[in-house]
Every structure is written in structure tokens, then in C-alpha cells.
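If you want the building blocks of each chain, they are given just below.
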Amino acid sequence: MAIVFALGSALMYGVSDYYGGRHSRTHAPISIALSAEMAIAVIFGLTVPFVESAPITPQAIGAGAVAGLCGSAGVLGLYAALSRGNMTVVAPVTGVVAAAFPVLVGVLLGERPGPAAAIGIVAAIASVGLIGGMLGMRGQPIDADTILLAVVVGAAFGGLFIAYAQAGDDSGLWPVLGARLGALPLLGITYVVARRAGRAGPLGPDVLRHGVLIGVMIGVANACYLLAAQRGLLSVVAVVVALYPAATIALAAALDGERAVRTQVAGMLIAVGAVGLIALGS
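One numbering rule holds for all chains: residues counted from 1, following each sequence as written. The predicted nature of this model means local features are confined to residues of pLDDT at least 70 and side-chain atom pairs, given and counted, to a pLDDT of 80 or more, with totals for whole chains, interfaces and linings taken over all residues. As a convention, hydrogens and water are excluded, and side-chain values are obtained from all of the structure's heavy atoms.

A. Broad picture of the overall build of the protein. A tally of regular secondary structure across the protein gives eleven helices and zero strands. Helix and strand assignments follow DSSP, with helices taken as H or I runs no shorter than four residues and strands as E runs no shorter than two, numbered in order from the N terminus. From first element to last, N terminus to C terminus, the protein shows the α and β order α-α-α-α-α-α-α-α-α-α-α. Overall size of the protein, expressed as C-alpha extent along the three principal axes, is 55 × 55 × 35 Å. When a residue's accessible area, from a 1.4 Å probe over protein chains only, is under 20% of the maximum for its type it is buried; when over 50% it is exposed; and in between it is partly exposed. Within the protein, the proportion of its 282 residues that are buried is 51%.

B. Local environment of helix α5 (residues 115-132). In a helix, the anticipated span is given by 1.5 Å times the number of residues less one. For α5, which comprises 18 residues, the first-to-last C-alpha distance of 26 Å matches the rise-based estimate of 26 Å (1.5 Å per residue) to within 8%. Listing the buried residues of α5 in full gives A117, G120, I121, A124, I125, S127, V128, G129, L130 and I131.

C. Focus on the pattern of salt bridges. Salt bridges are defined by distance alone: a side-chain nitrogen of Lys or Arg within 4 Å of a carboxyl oxygen of Asp or Glu. Under the definition given, this model contains two salt bridges. A salt bridge links R180 to E37; the nearest nitrogen and oxygen atoms lie 2.6 Å apart. Linking R180 in helix α7 (residues 174-196) with E37 in helix α2 (residues 29-51), this pair joins segments that are 143 residues apart in sequence. Each member of the pair, R180 as well as E37, carries the same accessibility label: buried. The partner of D206 in a salt bridge is R209, and the shortest N-O contact between them spans 2.3 Å. In this pair, D206 and R209 are both assigned in helix α8 (residues 205-231), three residues apart and thus about one turn of the helix distant.

D. Summary view of the environment of S72. Inspection of the secondary structure assignment puts S72 in helix α3 (residues 58-84). Placed 42 residues apart in sequence, S72 and I30 show a C-alpha to C-alpha distance of 10 Å. Not counting residues up to four positions away in its chain, the partners in contact with S72 are A183, L186 and L187. Residue contacts follow a heavy-atom distance rule, with two residues in contact if any of their heavy atoms lie within 4.5 Å.

E. A look at the packing of α2 against α8. Every axis in this analysis is a line fitted to C-alpha atoms, fitted for helices over the stretch in contact. Angles between the N-to-C directions lie between 0 and 180 degrees. α8 packs onto α2 with a crossing angle of 60° between their chain directions and a minimal axis gap of 7 Å. As the angle between them shows, α2 and α8 are arranged oblique. For α2 against α8, the interelement crossing comes out right-handed. Residues S31, I32, S35, A36, A39, I40, I43 and F44 of α2 pack against V207, L208, H210, G211, V212, I214, G215, V216, I218 and G219 of α8. Under the grouping applied here, Gly and all other residues not named as nonpolar or charged are polar, the nonpolar ones being Ala, Val, Leu, Ile, Met, Phe, Trp, Tyr, Cys and Pro and the charged ones Asp, Glu, Lys and Arg. The residue inventory of the contact of α2 with α8, partitioned by class, reads twelve nonpolar, six polar and no charged. Roughly parallel refers to an angle under 35 degrees, roughly antiparallel to one over 145, roughly perpendicular to one between 65 and 115, and oblique to any angle outside these ranges. Two helices that cross are described as forming a left-handed crossing if the nearer one is turned anticlockwise from the farther one by less than a right angle, and a right-handed crossing if clockwise.

F. Structural detail: the nonpolar core. What we call a nonpolar core is a set of buried Ala, Val, Leu, Ile, Met, Phe, Trp, Tyr and Cys residues that are connected through their side-chain atoms within 4.5 Å. Formed by 55 residues in total, the largest nonpolar core has its most connected members in Y164 and Y225. Ignoring any residue separated from it by four or fewer positions in sequence, one finds Y225 in contact with S9, F161, I162, Y164, A165, L234, V237, A238 and V241. Grouped together as the second largest cluster of nonpolar side chains are nine residues, A28, A33, L76 and L187 included.

G. Fine view of the packing of α5 against helix α9 (residues 234-241). Two numbers describe how α5 lies on α9: the axes approach to 10 Å, and their chain directions differ by 30°. In terms of orientation, α5 lies roughly parallel with respect to α9. Seen from above, α5 lies across α9 with left-handed handedness. Two secondary-structure elements touch here, α5 through I121, A124 and I125 and α9 through S235, V236 and V239. Residue composition of the contact of α5 with α9, by class: five nonpolar, one polar and no charged.

Following this line, the structure appears as C-alpha cells:
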């Protein structure tokens, strides 16, 4: 079930990235991000306390708050990359770091995946780079600041995966509610600063409508990842979730007519085999 939940999380993250990316072209990205986070807070605030039978603990709330802070910092870093126009460089590096960082931490914490799963993890990390376009950056300028930004963003998303995994196997869904304590203040402050600088408009009905839909998808993705982390190894489930760019690229190809390059298609095929190996060795 851990792999099933992880795949569900990857799918939802990928779809939300596609949808959010499209609407961030016509609305300030921070406005979309904040409205989505507000929707997540309302959804989890109205459901988790009434459906969760597990006791609420400081560990669950604290780990969730760290996860929310890391996730929001990662999103803001991606927006900074978008403003620079360097996403073709940032995306693959970010994806690989986000996948590899939890693996390293998991091994340091004593996790030892089986041989098949270990091979699958290595293949999955390689596929993330291929799917993100790591071999399709010919002619793209690469500077030290861009690489550093990519590493920081990847580490932030990896930190989200690690933090949720440290909430405890018996924490239930409380960590996803606690994550709002870390995410909302950071996004709220950033929005106020952007608004005063004239870089963001009001949260009108159109922005809120898109934000609610994105928030639902991200909320489902967070919950699925948490359930996966409670049932499987961090070094396994985080890598599977890091395959989310495949869904984004598939939607862009199907709905926008964008063509994936051969290396991206190869990455997707490798990802399918990698998930099979991980499932076999888990």
C-alpha cells in the first residue's frame, strides 16, 4: 500500500503543478499559492479533527509545521527561478536533489532497502533527471547562482518528505493539518510584500476558484504521501513521489500539444521499471 499511496501522491503533485503552472501565467504565482494554501487549511481544518481517531501529539504537529515551511519555501524558490527564466536548468537538478536527499537521510537513519528496491531507487533518481530534461539543456546558460538555487529548492522539497516521515507512524493525518502552521505565515507574509511592491493583485473570485482546485489536489497529494511514509521506508516512498514531473509533462503533451524529447520519454519508461523494482523489493 505504501507504493500505491506514493504513486497517488506523485500523480496529484504532477497534476497540481500543471494546473498551477498554467494559471500562474495569467495570475501572480504567489496569489495562486496563497489561495491554494488557504483552501488546504480550510479543508483539513474542517475534516481532520472530526475523522482522525489518533491522538494529537506535539511531534505530529511539529513535524507537520516543518514540512509546511519546507514546502512553501520550495514553492517560493521555484517562483524565483521562474522570474529568472531558468526553469529548464532548475527543474531537473531540483528533482534529483528532492529524490536523493531523503534517500541519504533514510540510509543514515538505518534504512536498508532490499537489492531490487535499491536498484529501483537508483533508476528512479536517474529517471527524474531525464524526465525533467537534464540532458535537454544544450545551449542553456548555467551559472553558479542558478545551480545553488536549484539545490536549495530540491533540498526544501526533500525536507518536506523527510519531515512528514518523522511525524510518527501513529500520527494519523494530524501532520497535514500542522503543516498549515508553517506554510500559511510564510506565504501570507510573502503575499503582503508582493502586494505592496505591486507584484500581486487582490485575491479575487477567479484566483480563489483556481486556488481551491489546486489546494484540493495538493491536499490529497500531501495526505497520500503521509500515509505512504507511515507504511514504507522514507528512502523508497520519497523517490516514488519525486516522479511527479512525469504527470506534468504527460498533461502538457496531451492538452497543450507540447512534445516530450526522447530522453524524457526514456525517463518515463525507466520510471515504470524503477517503480516495479521498488514494489518488488519492498
